[in-house]
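# Chains, contacts and geometry: an overview
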Amino acid sequence: MKVTLVNHSDIVGGASMVSLRLLDALRSQGIDARMVVKEARGLPHEAISSLGGGLAARAAFVGERLRIFTANGFRRDTLFKVSVADRGLPVYRHPWIADADIVALNWFNQGMMSLDGVRRIAALGKPIVWTMHDMWPMTGICHHAGLCDRFTDRCGRCPFLGRPSRCRDLSSRIFDRKMKLYNAVDIRFVAVSRWLAGQAARSALLAGRHVEVINNAFPLDRYPVEPTLSRRALGLPDDGRRLVVMCAARLDDSIKNLPAAIDALNLYEGSTPIAAVFCGDIRRPELLDSLKIPYVSLGNITDADRLAQIYAHCDVVLSSSSFESLPSTLIEGMAAGAVPVGFGGDGRDEIIDHLSTGYLARRGDCADMAAGIKWAIGAETSREILHKAAAARFDSVLIARRYIDLFNKILAK
């Protein structure tokens, strides 16, 4: 079986990392899996082909962003909260697409591939599986709808465009294009969590369509519960404080809700002293100045083994995001023995068994999250038990086999 994955990048962003892990997991099970990306920024990989960041790629990216920028009233704060996929590179011409038995789409926005590109792949006679890492396939243009429920109808009056009085706007037009595509092309949708599948069931685009639920794959044997590097070698506080870690590609992305994490850490009232560890880019480091506890900000950690060592030193892994489909950081931290604490009501519910393997705080309640941190610091659950709990749900071999079963069912038809 030959499977070609399509994703924007190989390592940039959460969807890229889990797509790369799926690629490796499928190959470990004997599948001839390859991945086509717009940009490859990681180590050379024999099964990854980059389309390159040439003039055509830059033109596609700038053209799409310009259309959004003019439609949203030239607002920068929402410019990357939405995508329209009205232009992209000719992925359908790639020889790995032509050679594939199955094409597995992942996150392909920001000039990687257009909606028309999806139709052209289907026109080649290729069965398509589309793994949804966020809400974009089920909305008009947004990646996370938040509290907006316009996607349950037809979108329009999009709050991300700043023109809530217009029923017919960019979001409704892209919604109509997606509906036309989905009605014309047989796509098997996969949600990475039950919560995301539930959102899909509410969407006017995907309601009534079959959506498989398959979690993301994680090579959890790479996350030891006992570190081999010292705190000092990793740049961590070395004064005996218990450590709470928060990781994100960009910590001050509004969806990650860094202010809530800071508030929760400041409200912590446990008798055991703690320090905070932040991993990821941050454009406004002054946000951390309001922390009342010691902290370190380590920047973006691209070395997965180093990040695993950091997790292994930490006692709590924190997720304060407004919404999460299935946050990798909680799973990785849990696999290394850190107790996961996060707001509930979304994909985090599939990771944490409340008051057993972690703590699910009431959404937006920073005091409850602080209580969760206190509970986690005092929890008696062993690091080995947390590792086994993560492996039982998210181990890469288990997830690869579920995808292989799905691929076989599709090809059998």
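Residues numbered from 1 in each chain as written. Predicted model: local features only at pLDDT ≥ 70, side-chain atom pairs only at ≥ 80, totals over all residues. Heavy atoms only, no water.

### A short note on the overall build of the protein
Quick reminder of the rule: Counting from the N terminus, the helices are the DSSP runs of H or I reaching at least four residues and the strands are the DSSP runs of E reaching at least two. Using C-alpha atoms as the atom set, the radius of gyration is obtained and then compared with a globule rule of 2.2 Å times the number of residues to the power 0.38. With a 1.4 Å probe rolled over the protein chains alone, any residue whose accessible area is under 20% of its type maximum counts as buried; one over 50% counts as exposed, and the rest are partly exposed. Only heavy atoms matter for contacts: two residues are in contact if any of them lie within 4.5 Å across the pair. Areas reported here follow the Shrake-Rupley algorithm with a probe of radius 1.4 Å; residue values treat only the protein chains shown as occluding. Neither His nor the chain termini are counted; the positive set is Lys and Arg, and the negative set is Asp and Glu. Note that the charge is assigned to NZ on lysines, CZ on arginines, CG on aspartates and CD on glutamates.
Secondary structure summary: the protein contains 13 helices and 13 strands in total. Taken over the C-alpha trace, the protein has a radius of gyration of 21 Å; the compact-globule value for 413 residues is 22 Å, and the two agree within 12%. With the C-alpha coordinates aligned to their principal axes, the bounding extent of the protein is approximately 60 × 55 × 40 Å. A total of 413 residues make up the protein; the buried ones form 55% of that total. For the protein, long-range pairs separated by at least 24 residues make up 66% of all intrachain contacts whose partners lie at least 6 apart in sequence. Just so you have it, the protein exposes about 17000 Å², and 51% of that area is on carbon and sulfur atoms. In the protein, 53 side chains carry a positive charge and 44 a negative one; their mean positions are 7 Å apart.

### Description of unusual backbone geometry
With a phi close to 50°, alanine 85 is a non-glycine residue in the positive phi region. Tracing the backbone shows alanine 85 in the loop between helix H2 (55–71) and helix H3 (95–98). Phi is positive for cysteine 155, close to 60°, though the residue is something other than glycine. Take cysteine 155: it is sitting in the loop between strand S5 (128–132) and helix H5 (170–184). The exposure class of cysteine 155 is buried, given its relative accessible area of 9%.

### Comments concerning the sheet that holds strand S6 (residues 187–191)
Applied cut-off: Here, any two strands with at least 2 DSSP bridges between them count as paired. Axis angles are defined between N-to-C directions and span 0 to 180 degrees, where every axis is a line fitted to C-alpha atoms and, for a helix, only to the segment in contact.
The sheet built from 7 strands is open, its strands ordered S3-S2-S1-S4-S5-S6-S7 with parallel pairing. What marks the edges here is a single partner per strand, and that holds for strand S3 (48–50) and strand S7 (211–213). Going from strand to strand, the sheet's axes swing by 25° on average, the running direction of each strand aside. Against the sheet, helix H1 (residues 14–28) engages strand S1 (2–9), strand S2 (32–39) and S3, with an angle of about 160° to S1.

### Some words on the state of the cysteines
For the record, the criterion: Note on terminology: pairs of cysteine sulfur atoms within 2.5 Å are recorded as disulfides.
Scanning the model with the defined rule gives 0 disulfides in all. In this structure cysteine 158 is a free cysteine whose sulfur lies 6.2 Å from that of cysteine 142, the closest cysteine sulfur available. For cysteine 314, which is in no disulfide, the shortest distance to another cysteine sulfur is to cysteine 279 and amounts to 7.2 Å.

### Let's talk about the environment of serine 297
Locating serine 297 in the fold gives a position in strand S10 (residues 295–297). When its relative accessible area of 35% is taken as the criterion, serine 297 is described as partly exposed. Through-space distance from the C-alpha of serine 297 to that of threonine 70 is 36 Å; in sequence the pair is 227 residues apart. Not counting the four nearest positions on each side in its chain, serine 297 is found in contact with Phe278, Ile282 and Leu288.

### A look at the nonpolar core
Basically, it comes down to this: Residues belong to one nonpolar core when they are buried, are Ala, Val, Leu, Ile, Met, Phe, Trp, Tyr or Cys, and are joined through side-chain atoms within 4.5 Å.
With 117 residues, the main nonpolar core has Leu105 and Leu265 as its most contacted residues. Not counting the four nearest positions on each side in its chain, leucine 265 is found in contact with Val244, Ile274, Ala276, Phe278, Leu291, Ile293, Leu318 and Ile373. Membership of the second largest hydrophobic core comes to 26 residues, among which are Val3, Ala33, Ala47 and Ile48.

### Side note on the packing of aromatic side chains
For the record, the criterion: Here a Phe, Tyr or Trp ring, Trp counted by its six-membered ring, pairs with any other such ring whose centre lies within 6.5 Å, and the pair is stacked when the planes are under 30 degrees apart, edge-to-face when over 60, and tilted otherwise.
Applying the stated criterion across every chain, the model contains 14 aromatic pairs. For the pair tryptophan 130 and tryptophan 136, a centre-to-centre distance of 6.2 Å together with 50° between the ring planes defines the contact as tilted. Here tryptophan 130 falls in the buried class, since its relative accessible area comes to 1%. Ring geometry for tryptophan 130 against tyrosine 182: centres 6.1 Å apart, planes inclined by 85°, an arrangement best described as edge-to-face. Separated by 52 residues along the polypeptide, tryptophan 130 in strand S5 and tyrosine 182 in helix H5 bring together distant segments of the chain. An identical accessibility class is assigned to tryptophan 130 and tyrosine 182; each is buried. Of the aromatic side chains, those joined through ring pairs into one cluster are Phe108, Trp130, Trp136, Tyr182 and Phe189.

### Looking at the side chain of glutamine 110
For glutamine 110, the location among the structural elements is in the loop between strand S4 (102–105) and helix H4 (115–123). Here glutamine 110 is in contact with His8, Lys38, Phe61, Glu64, Arg65 and Phe80, once residues within four sequence places are set aside.

### Regarding H5
Formally: By this rule, a helix spans an expected 1.5 Å times one less than how many residues it contains.
With 15 residues, H5 ought to run about 21 Å at 1.5 Å a step, and its terminal C-alpha atoms sit 21 Å apart, in line with that. Buried within H5 are the following residues: Leu170, Ser171, Ser172, Ile174, Phe175, Lys178, Leu181 and Tyr182. In this structure, the buried residues of H5 make contact with H2, H4, S5 and S6.

### Examining empty space enclosed by the protein
Applicable threshold: In this analysis, the protein atoms alone were mapped onto a 1 Å grid. Cavities are point sets where a 1.4 Å probe fits without being able to get out; pockets are open sets with protein on both sides within 12 Å along at least five of seven lines; lining residues have an atom within 4 Å of a point. Grid points are joined across faces, edges and corners, and a volume is the space filled by probe spheres set on the points. Charged means Asp, Glu, Lys or Arg here, nonpolar means Ala, Val, Leu, Ile, Met, Phe, Trp, Tyr, Cys or Pro, and polar covers whatever is left, Gly included.
Applying the stated criterion across every chain yields a total of 4 cavities of 30 Å³ or more. Reported here for the largest cavity is a volume of approximately 90 Å³. Around the largest cavity, the lining comprises 14 residues; the ones closest to its centre are Cys142, Cys148, Arg150, Cys155 and Cys158. Across the lining of the largest cavity, the residue classes tally to 9 nonpolar, 4 polar and 1 charged.

### What about the packing of H2 against H5?
Put simply, the rule reads: Any angle that is under 35 degrees is reported as roughly parallel, and any over 145 degrees as roughly antiparallel; angles of 65 to 115 degrees are reported as roughly perpendicular and all others as oblique.
Where H2 meets H5, the axes come as close as 11 Å, and the angle between the chain directions of the two elements is 135°. Put simply, H2 runs oblique to H5. In this structure, H2 contributes Arg67, Ile68 and Ala71 to the contact, and H5 contributes Leu170, Arg173 and Ile174. For the contact of H2 with H5, the residue count by class is 4 nonpolar, no polar and 2 charged.

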